[in-house]
Amino acid sequence: MKLVYVFDAYCGWSHGFSPTLREVVSRHPGLPVEVVSGGLFTGSRRVPIREFGYVQGANADIAGLTGAVFGEAYDRLIADGSFVMDSEAAARGMAALRQVAPDRAAELATALQDAFYVDGLSLSAPATYRKVAEAAGLDADAVVAVLDSPAAQEAAEADFHRAAALGVRGFPTLLAVDGDRVSPLAHGRATADEVDRQLAALHRP
């Protein structure tokens, strides 16, 4: 069995789920985790952030319900309103990080969200992935080399198809996958204890 975490790096609720994901991974070190990027802001949804008038209100809800931190640099980005969230670029970046350190995908996914939601960094900028890679002790040059490669683009597209094939309609979604059996563990918001109860239920006769 493995965990499959379907998220979008530009999804505030995914950012709010990061502490739960970290805790679940720490409690189950032997359980593989596959991280799949969703396509929340692609195509016609790639517009200036001011077009999404609900963002600040949603962030307040997320912070209140999950304790998630939204940094001052990110707040300035929201206030300016011109920034464009591009989930395809973020998925390419996640694919690059994942290729260099596949066993640390969950950790790197949460670091990527911190880069945006705390530090206000663009997930379309190679410099952001260099910073995330260096902070994680990875070969930053290798990550950046993968970033704009055809392999990263193919991986991003494969992630979007994988999320759809799993029936995921919103982010974040945490699944337990055992062969052909796919069991939902969490959607949107959950504590590590709640996830553990779902996992325990899967093992009951």
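Here is what the cut-offs are and how they apply
Residues numbered from 1 in each chain as written. Predicted model: local features only at pLDDT ≥ 70, side-chain atom pairs only at ≥ 80, totals over all residues. Heavy atoms only, no water. Helix = DSSP H or I, 4+ residues; strand = E, 2+ residues; numbered from the N terminus. Rg over C-alpha atoms; globule rule 2.2 N^0.38 Å. Contact = heavy atoms within 4.5 Å. Areas by Shrake-Rupley, 256 points an atom, 1.4 Å probe, with all protein chains shown as cover. Lys, Arg positive; Asp, Glu negative; His and termini not counted. Charge placed at Lys NZ, Arg CZ, Asp CG, Glu CD. Buried < 20%, exposed > 50% of the residue type's maximum accessible area, 1.4 Å probe, protein only. Pairing = 2+ DSSP bridges. Expected span 1.5 Å × (residues − 1). Polar contact = N/O pair within 3.5 Å; in protein donor to acceptor, adjacent residues only side chain to side chain. Core = buried A, V, L, I, M, F, W, Y, C linked by side-chain atoms within 4.5 Å. Salt bridge = Lys/Arg side-chain N within 4 Å of Asp/Glu carboxyl O.

Colleague: How do you make sense of the overall build of the protein chain when you look at a structure like this?
Modeller: Assigned secondary structure in the protein chain consists of nine helices and four strands. For the protein chain, the succession of helices and strands along the chain, N to C, is β-α-β-α-α-α-α-α-α-α-β-β-α. For 205 residues, the compact-globule estimate of 2.2 N^0.38 gives 17 Å, and the protein chain sits close to it at 16 Å. Oriented by its inertia axes, the alpha-carbon framework of the protein chain measures out at about 55 × 40 × 30 Å. Considering only contacts within the protein chain whose residues lie at least 6 apart along the sequence, 74% involve residues at least 24 apart. Put simply, the protein chain shows about 9,600 Å² of open surface, and 51% of that area lies on carbon and sulfur atoms. Treating the 18 positive side-chain charges of the protein chain as one cloud and the 26 negative ones as another, the clouds have centres 4 Å apart.

Colleague: Would you mind going over the pairing of strand 1 (residues 2-7) with me for this structure?
Modeller: On a regular strand, one side chain projects to one face of the sheet and the next to the other, so that they alternate. With five of six residues buried, strand 1 is to be regarded as a mostly interior element. Inspection of the sheet shows strand 1 paired to strand 3 (residues 173-178) by five bridges, in the antiparallel sense. From the neighbouring strand, tyrosine 5 faces strand 3, where its bridge partner is leucine 174. Bridge count between strand 1 and strand 2 (residues 33-37): five bridges; the pairing is parallel. Across the sheet, tyrosine 5 pairs through a bridge with valine 35, a residue of strand 2.

Colleague: What exactly am I supposed to notice about helix 4 (residues 87-100) here?
Modeller: Think of an α-helix as 3.6 residues a turn; residues three or four steps apart then line up on the same face. The end-to-end C-alpha distance of helix 4 is 20 Å, a good match for the 20 Å that 14 residues give at a rise of 1.5 Å each. In terms of burial, helix 4 is largely enclosed, as eleven of its 14 residues are buried. Within helix 4, the full set of buried residues consists of Ser87, Ala89, Ala90, Ala91, Arg92, Gly93, Met94, Ala95, Ala96, Leu97 and Arg98. Considering only its buried residues, helix 4 is in contact with strand 1, strand 2, helix 5 (105-117), helix 6 (126-135), helix 7 (140-147) and helix 8 (150-165). Put simply, aspartate 86 is the residue that caps the front of helix 4, since its side-chain oxygen is 3.0 Å from the backbone nitrogen of glutamate 88.

Colleague: Is there a simple way to explain unusual backbone geometry in this structure?
Modeller: Negative phi values dominate among residues other than glycine, just as trans dominates among peptide bonds. A cis geometry characterises the amide bond from phenylalanine 171 onward to proline 172, with omega recorded as -5°. On the secondary structure map, proline 172 appears in the loop between helix 8 and strand 3.

Colleague: Where do I start with the nonpolar core in this structure?
Modeller: One recurring pattern in soluble globular proteins is that nonpolar side chains are buried together. Leu97, Phe116, Leu123 and Leu174 are the most contacted members of the largest nonpolar core, which totals 54 residues. No other element matches helix 5, which puts eight residues into this core. The residues touching leucine 97, leaving out its near neighbours within four places in the chain, are Leu108, Leu112, Tyr129, Val132, Ala133, Leu138 and Val143. Counting ten residues, the second largest nonpolar core, distinct from the first, contains Val4, Val168, Leu175 and Val177.

Colleague: Where do I start with the environment of serine 122 in this structure?
Modeller: You can see serine 122 is positioned in the loop between helix 5 and helix 6. Linking serine 122 and methionine 85, residues 37 residues apart in sequence, is a C-alpha distance of 8.1 Å. Excluding its chain neighbours within four sequence positions, the residues that come into contact with serine 122 are Tyr10, Phe83 and Thr128. For serine 122, the side chain forms a polar contact with the main-chain nitrogen of serine 124, separated by 3.0 Å.

Colleague: What's the story with the pattern of salt bridges in this structure? I'm lost.
Modeller: Once their charged atoms are close, side chains differing in charge can pair, the charge on each being opposite to the other. This model, assessed by the stated rule, comprises twelve salt bridges. Here arginine 46 and aspartate 86 are joined by a salt bridge, their closest N and O atoms 3.2 Å apart. Highlighted residues: arginine 46 in the loop between strand 2 and helix 2 (55-66) and aspartate 86 in the loop between helix 3 (72-80) and helix 4, separated in sequence by 40 residues. Residue arginine 46 is classed as partly exposed on the basis of its relative accessible area, which comes to 33%.

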